[in-house]
Amino acid sequence: MPVAMPLPDDAVLVRRAEIVAALRGIVPGEGVIASEEAMRPYESDGLTAYRQLPMVVVLPETTAQVAGVLGYCHREGIKVVPRGAGTSLSGGALPLGDGVLLGMAKFNRIREIDFDNRVAVVEPGVTNLAVSQAVEQAGFYYAPDPSSQIACTIGGNVAENSGGVHCLKYGVTTNNVLGCELVLMTGEVLRLGGKHLDAGGYDLLGIVTGSEGLLGVVTEVTVRILKKPQTARAALIGFPSSEDAGDCVARIIGAGIIPGGMEMMDGPAIKAAEDFVHAGYPLDVEALLIVELDGPAAEVDHLLERVQEIARGCCAATCRISNSEEERLLFWAGRKAAFPAVGRISPDYYCMDGTIPRAKLPLVLKRMQELSRQYGLRVANVFHAGDGNLHPLILYDANRPGELERAEEFGADILRLCVEVGGVLTGEHGVGVEKRDLMPAMFTPADLDQQQRLKCAFDDKSLLNPGKVFPTLHRCAELGRMHVHAGKVAFPDLPRF
């Protein structure tokens with residue numbers, strides 16, 4: 001629910017003025033935003049049901065400025081919330097009324113493109129799509145492609161370990177990031193990984209990717225770029241039921257076929273996307289699969305035949321194969337526009353994110369329909385079928401009393417269902433504030449304590465993005481203090497279980 005900002009007393013106003021002045025000394029010019037009106041665009045991220053004005057917004061342009069801001073805040077005990085493009089759907093960039101919002105939008109340069117090593121070195125404010133656009137003239141691209149790729153940034157992708165429609169074959173962000181520059185809460189600057197395939201020692205890069213801004217602020221990312229496949233063709237396959245489509249997904253993977261992408265939409269999502277994009281989707285089916293095969297032309301043609309055979313065995317009602325690049329892109333245009341398309345058929349919608357074993361797709365889809373009837377709210381399903389990453393869209397009207405709360409309860413039950421069948425609470429949107437209180441459904445108290453010990457190694461005062469991910473915030477002293485210094489991790493005096 002929207003959070004009201006309490007009226008500050010005189011002492012707080014004086015303290016805030018001191019903080020703003022100090023920050024302006026570190027980030028001069030227009031890099032510090034302190035007026036209520038100017039801060040209003042930063043009060044929320046993609047989880048728009050939650051809003052909170054920050055104490056102050058800082059927009060640094062250099063790593064030295066980021067280090068200066070974090071070091072000052074660490075010394076003064078001031079909370080900091082990092083923010084990329086603000087497209088987080090889990091409330092990961094929700095500001096704090098007594099904290100600094102550190103916006104990274106000005107870090108928007110591509111520093112280097114190294115085709116020999118097949119990497120690009122970019123700043124965190126570069127949009128996902130911009131990386132592929134920068135290398136496409138040489139026949140390369142960046143594989144992770146979230147639906148929001150035109151707006152979401154690489155820094156945010158690293159924070160949430162974002163995926164996309166091609167993550168089944170080419171992996172999510174963690175599989176495509178080779179290195180990063182990270183500023184700790186103390187102001188120390190670390191370099192993790194690089195242009196090489198693997199770094200020695202602890203996998204600190206793997207820890208940082210998906211850490212939701214709790215461990216440090218990324219100021220540079222080295223990403224893997226791939227050569228475009230020789231051929232890519234997509235099959236658009238319609239089914240009379242979601243259960244049939246889910247069964248087809250499991251059989252394709254079970255046959256040893258790994259598509260470049262495999263996405264699924266149910267009836268409401270199909271109709272919304274077709275009305276919006278006119279991609280030629282069949283409207284007389286209840287589920288639609290987009291299966292893309294890529295590689296040498298002969299291999300793609302052979303695998304498409306096998307996919308069609310499997311689909312026929314799963315009661316497929318329609319099957320259409322792309323015969324041109326324009327047609328293939330049109331198939332994907334409908335899928336990538338599905339979220340805004342659903343926005344045209346409902347005043348509001350709540351976009352969920354959970355991951356399940358592929359074999360459980362038919363069961364979970366059936367249970368979601370039962371929950372839809374139980375809560376009296378429609379649900380449209382759009383998801384990465386190949387890796388079981390679900391994105392149910394719960395349709396509601398926030399102007400009707402109680403509907404938002406009912407939508408949130410419906411969403412919580414979907415996530416509990418994901419865990420119940422052997423899945424996890426999130427695939428790529430992160431935990432943020434949205435799933436924070438559901439963490440005990442998946443982790444034991446001992447699990448959560450160990451995760452918080454890791455946070456303490458990077459952030460000894462728990463000042464970076466506090467209130468996110470963990471349902472209970474412990475002081476580091478309660479858990480046993482740990483430290484990161486110059487890339488080394490020390491764990492003194494840890495209690496044993």
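These figures come from a predicted structure and were not determined experimentally. (Residues numbered from 1 in each chain as written. Predicted model: local features only at pLDDT ≥ 70, side-chain atom pairs only at ≥ 80, totals over all residues. Heavy atoms only, no water.)

On to the sheet that holds strand β20 (residues 392-396). Within a beta sheet, neighbouring strands are joined by backbone hydrogen bonds and run either parallel or antiparallel to one another. Strand order in the open sheet formed by 7 strands is β15-β12-β14-β13-β18-β20-β16, with antiparallel pairing between adjacent strands. Single-partner strands in this sheet number two, and they are β15 (318-321) and β16 (348-351). Between one strand axis and the next, the sheet turns through 15° on average, direction left out of account. The sheet contact formed by strand β12 (residues 231-239) and β15 spans 4 bridges and is antiparallel. Paired with Leu236 across the two strands is Arg320, which belongs to β15. Along the sheet, helix α8 (residues 242-254) makes contact with β12, β13 (261-266) and β14 (287-295), crossing β13 at roughly 170°. Sheet strands in contact with helix α11 (residues 325-336) are β12, β13, β14, β15 and β18 (379-383), and its direction is about 50° off that of β12. (Pairing = 2+ DSSP bridges. Helix = DSSP H or I, 4+ residues; strand = E, 2+ residues; numbered from the N terminus. Axes fitted to C-alpha atoms, helices over the stretch in contact; angles between N-to-C directions. Contact = heavy atoms within 4.5 Å.)

Turning our eyes to something else, we now look at the side chain of Ser162. When you line up the elements, Ser162 lands in the loop between α5 (154-160) and α6 (167-170). For Ser162, the residues in contact, after removing those within four places along its chain, are Pro144, Pro146, Gly156, Asn157, Val172, Thr173 and Glu428.

Extensive coverage of strand β8 (residues 177-183) is indicated by the burial of 7 of its 7 residues. One ladder, built from 6 bridges, connects β8 with strand β10 (residues 217-224); its direction is antiparallel. From the neighbouring strand, Cys180 faces β10, where its bridge partner is Val221. By the bridge criterion, 5 bridges tie β8 to strand β9 (residues 189-193) in an arrangement that is antiparallel. By the bridge assignment, Glu181 is partnered in β9 with Arg191. Connecting the antiparallel pair β8 and β9 is a turn made up of 5 residues, with Gly187 showing a positive phi of about 100°. (Buried < 20%, exposed > 50% of the residue type's maximum accessible area, 1.4 Å probe, protein only.)

Once that is clear, we can look at the packing of aromatic side chains. Scanning all chains against the criterion turns up 3 aromatic pairs. Pairing Phe115 with Phe140 gives two aromatic rings, centres 5.2 Å apart and planes at 40°, and the pair type is tilted. Of the two residues, Phe115 is situated in the loop between β5 (110-114) and β6 (119-122) and Phe140 in strand β7 (residues 140-141); the sequence distance between them amounts to 25 residues. Summarising the aromatic geometry, the rings of Tyr375 and Phe410 are spaced 5.4 Å apart at their centres and angled 10° between planes, so their arrangement reads as stacked. Of this pair, Tyr375 sits in helix α13 (residues 361-375) while Phe410 sits in helix α14 (residues 403-420), placing them 35 residues apart in sequence. Assessed through its relative accessible area of 0%, Phe410 is described here as buried. (Phe/Tyr/Trp six-rings, centres within 6.5 Å; stacked < 30°, edge-to-face > 60°.)

It is worth spelling out helix α9 (residues 267-277) at this point. Regarding α9, the residues found buried are Gly267, Ala269, Ile270, Ala272, Ala273 and Glu274. Each element contacted by the buried residues of α9 is listed here: β13, β14, α11, α12 (338-342) and β18. Trailing α9 by a residue or two, His278 shows a phi angle of about 60°, which is positive.

Bringing the nonpolar core into the picture now. Within the largest apolar cluster, 87 residues are counted, with the highest numbers of intra-cluster contacts made by Phe239, Leu289 and Ile394. The dominant element in this core, judged by the number of residues it contributes, is α14, at 9 residues. When sequence neighbours within four positions are dropped, the list of residues in contact with Phe239 reads Asp244, Ala245, Cys248, Val285, Glu286, Ala287, Leu289, Ala311, Cys314, Cys315, Ala316 and Ala317. One finds Ala67, Leu70, Met104 and Leu464 within the second-largest nonpolar core, a separate group that totals 26 residues. (Core = buried A, V, L, I, M, F, W, Y, C linked by side-chain atoms within 4.5 Å.)

With that settled, consider unusual backbone geometry. Even without a glycine there, the phi angle at Arg118 is positive, about 55°. Inspection of the secondary structure puts Arg118 in the loop between β5 and β6.

This paragraph deals with the sheet that holds strand β4 (residues 99-103). Here 4 strands make up an open sheet; going across it, the order is β1-β2-β4-β3 and the pairing mixed. This sheet does not close on itself; its edge strands, each paired only once, are β1 (32-33) and β3 (79-83). Bridge count between β1 and strand β2 (residues 56-58): 2 bridges; the pairing is antiparallel. Bridged to Ile33 within β2 is Val57. Packing against the sheet, helix α3 (residues 63-76) makes contact with β2, β3 and β4, and its axis sits at approximately 165° to β4.

Attention now goes to the side chain of Asp459. Its location among the elements puts Asp459 in the loop between α15 (445-458) and α16 (476-479). By relative accessible area, Asp459 is classed as buried at 0%. Those residues within four positions of Asp459 in sequence are excluded, and the remaining contacts are Met185, Leu214, Leu464 and Cys476.

Once their charged atoms are close, side chains differing in charge can pair, the charge on each being opposite to the other. What the rule picks out here adds up to 31 salt bridges. Between Lys336 and Asp145 there is a salt bridge, with its nearest N and O atoms 3.3 Å apart. With Lys336 in helix α11 and Asp145 in the loop between β7 and α5, this residue pair connects regions lying 191 residues apart in the sequence. For Glu263, the salt bridge is made with Arg335, and the minimal N-O distance between the two is 2.8 Å. Of this pair, Glu263 sits in strand β13 while Arg335 sits in helix α11; the two residues are 72 residues apart in sequence, bridging distant segments of the chain. Overall, the relative accessible area of 1% leaves Glu263 in the buried class. By relative accessible area, which is 1% here, Arg335 ends up buried. Several salt bridges converge on common partners, so that one network encompasses Arg109, Arg111, Glu123, Glu181, Arg191 and Glu220. (Salt bridge = Lys/Arg side-chain N within 4 Å of Asp/Glu carboxyl O.)

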